[in-house]
Amino acid sequence: MASRRKGQTCNAFEMALYIGQMSGTSLDGLDTVVVELAPSAPPRILHRHYLPFDDQLVSALRRLASESSWPVSDYLAIEHSYTLLSASCIQQLLAESGIAPDKIAAIGCHGQTIRHQTSPQVLTHQLLDGALVAEKTGISTVCDFRSRDIAAGGQGAPLLPAFLAAAFEQVLDETACFLNLGGIANICYRDSSGSLRGFDTGPASTLLNHCSRLFFNTGYDAEGVRAQSGAVDERLLSSLLSDAYFALAPPKSTGPELFSLEWIQRMAPDYFTPSAPEAGLGQDLLATLTELSARSIAEQVWRFVPRCRRVIAYGGGVHNLFLIERLKSAFARVSGEAERIRLETSDNLGLDGDMIEATAFAWLAQQCLERRPVECQSVTGSSGARVLGCIYPA
């Protein structure tokens, strides 16, 4: 590929390299990729890097996401630390790949969501200093992708459907949907008229991670082993599934502000007594929350995507083997044998499921630089397609 001056946008018909970076509601770490984007071809991940967050940063981010107020100085300090880590991760990826910064058209950084609410008004905020990333890396940086959609009357999320529809057009229709198993689960599909649709179904891993930390002092339940050893509390499960969010019709989006540790503690106080860990209630709670994720996803797919017969899962949750097992059971439960919904992972399509979200933000950066409106209004509820993102030139 011919070299390009820093900050110069690429021609719409030219192959280009972009960097995408994502950290999600599971608060585990930063996913960063170098992606080759070319016309009429699926995105190709050339290099990838994962950097886990340390406990101190996780604690700080969790506090920002859960508390209603905090000192401005604390916020700025945490944002600065997060941004330096973001830039360092990008620099490390470039060093490992041997790619010079001036070969990269732009970086697409999602930032860390610390607030996303849709009622009584839509408010969202992603922690990141895009100017500092551009300064540290010497590469044009695009961030703040959600604000313009919200300004146009949308919810600003989910944005992944627009990317999946563009990248995997031949896969996505009313009989197949993509399922993102991050901290929060969301699906992407086309309806019978061909319109792109998508929404957050609710929790995937976020509640499981909360309880793993609290009961077992681990960031997550590896492969769902502890949940598999527990017993589902059907009464509690029924109560959790009665939350009004699950019955809402799309467009809708949510986050860990709703499905939080406080939400579980309020709904299941008996599991948070001093004797609960000794009684083995941690495993039972994990089993129940795994079933909550599986059933809430399956029931909403069956309700809102009635023609769906194929679900392609990606994201960190696909490594939770017990969650995948319960999802298969939940899909069988709602659809029956005659119209069984088949669950598979993105590996079957040759896609790196751990890096799809990071790849999406590389693609969104390209759309922003080339001033292409992103068609997500049927997903987010905005008044029309908009160019998404804020650009900090190199």
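An account of the accompanying structure is given in this report.

**Describing the overall build of the protein chain**
Consideration 1: Scanning the protein chain from N- to C-terminus turns up 14 helices and 13 strands.
Consideration 2: In summary, the protein chain has a C-alpha radius of gyration of 20 Å against a globular reference of 21 Å for 394 residues, a match within 12%.
Consideration 3: If one aligns the C-alpha atoms of the protein chain with their principal axes, the spans along those axes are about 60 × 50 × 40 Å.
Consideration 4: Classification of the 394 residues of the protein chain by burial places 54% in the buried group.
Consideration 5: Nonlocal contacts in the protein chain, meaning residues at least 24 apart in sequence, comprise 68% of its contacts between residues at least 6 apart.
Consideration 6: As displayed, the protein chain offers around 16,300 Å² of accessible surface, 49% of which is attributable to carbon and sulfur atoms.
Consideration 7: In the protein chain, 32 side chains carry a positive charge and 42 a negative one; their mean positions are 5 Å apart.

**Quick word on the pattern of salt bridges**
Consideration 1: A full pass over the atoms with the stated rule returns eleven salt bridges.
Consideration 2: A salt bridge links aspartate 352 to arginine 48; the nearest nitrogen and oxygen atoms lie 2.4 Å apart. Here arginine 48 lies in strand S3 (residues 44–52) and aspartate 352 lies in the loop between strand S12 (342–345) and helix H13 (356–369), a separation of 304 residues in the sequence.
Consideration 3: Among the residues examined, aspartate 352 registers a relative accessible area of 26% and is labelled partly exposed.

**Some thoughts on the environment of cysteine 188**
Consideration 1: Secondary-structure assignment places cysteine 188 in strand S9 (residues 184–190).
Consideration 2: In this structure, the C-alpha to C-alpha distance between cysteine 188 and leucine 164, residues 24 residues apart in sequence, is 7.8 Å.
Consideration 3: In contact with cysteine 188, other than residues within four places in its own chain, are Pro161, Leu164, Leu172, Ala176, Cys177, Phe178, Leu196, Arg197 and Gly198.

**A word on the packing of aromatic side chains**
Consideration 1: Overall, the coordinates contain 15 aromatic pairs when judged by the stated rule.
Consideration 2: Centroid distance tryptophan 70 to tyrosine 75: 6.4 Å. Interplanar angle 20°. Geometry classified as stacked.
Consideration 3: Its relative accessible area of 13% is what places tyrosine 75 among the buried residues.
Consideration 4: Taken together, a centroid distance of 5.4 Å and an interplanar angle of 80° make the contact between phenylalanine 199 and phenylalanine 304 edge-to-face. Linking phenylalanine 199 in strand S10 (residues 196–203) with phenylalanine 304 in helix H11 (residues 281–304), this pair joins segments that are 105 residues apart in sequence. Grouping residues by exposure puts phenylalanine 199 and phenylalanine 304 together as buried.
Consideration 5: Among the aromatic side chains, those forming a connected cluster through ring pairs are Phe163, Phe168, Phe178, Tyr314 and Trp363.

Rules and cut-offs
- Residues numbered from 1 in each chain as written.
- Predicted model: local features only at pLDDT ≥ 70, side-chain atom pairs only at ≥ 80, totals over all residues.
- Heavy atoms only, no water.
- Helix = DSSP H or I, 4+ residues; strand = E, 2+ residues; numbered from the N terminus.
- Rg over C-alpha atoms; globule rule 2.2 N^0.38 Å.
- Buried < 20%, exposed > 50% of the residue type's maximum accessible area, 1.4 Å probe, protein only.
- Contact = heavy atoms within 4.5 Å.
- Areas by Shrake-Rupley, 256 points an atom, 1.4 Å probe, with all protein chains shown as cover.
- Lys, Arg positive; Asp, Glu negative; His and termini not counted.
- Charge placed at Lys NZ, Arg CZ, Asp CG, Glu CD.
- Salt bridge = Lys/Arg side-chain N within 4 Å of Asp/Glu carboxyl O.
- Phe/Tyr/Trp six-rings, centres within 6.5 Å; stacked < 30°, edge-to-face > 60°.

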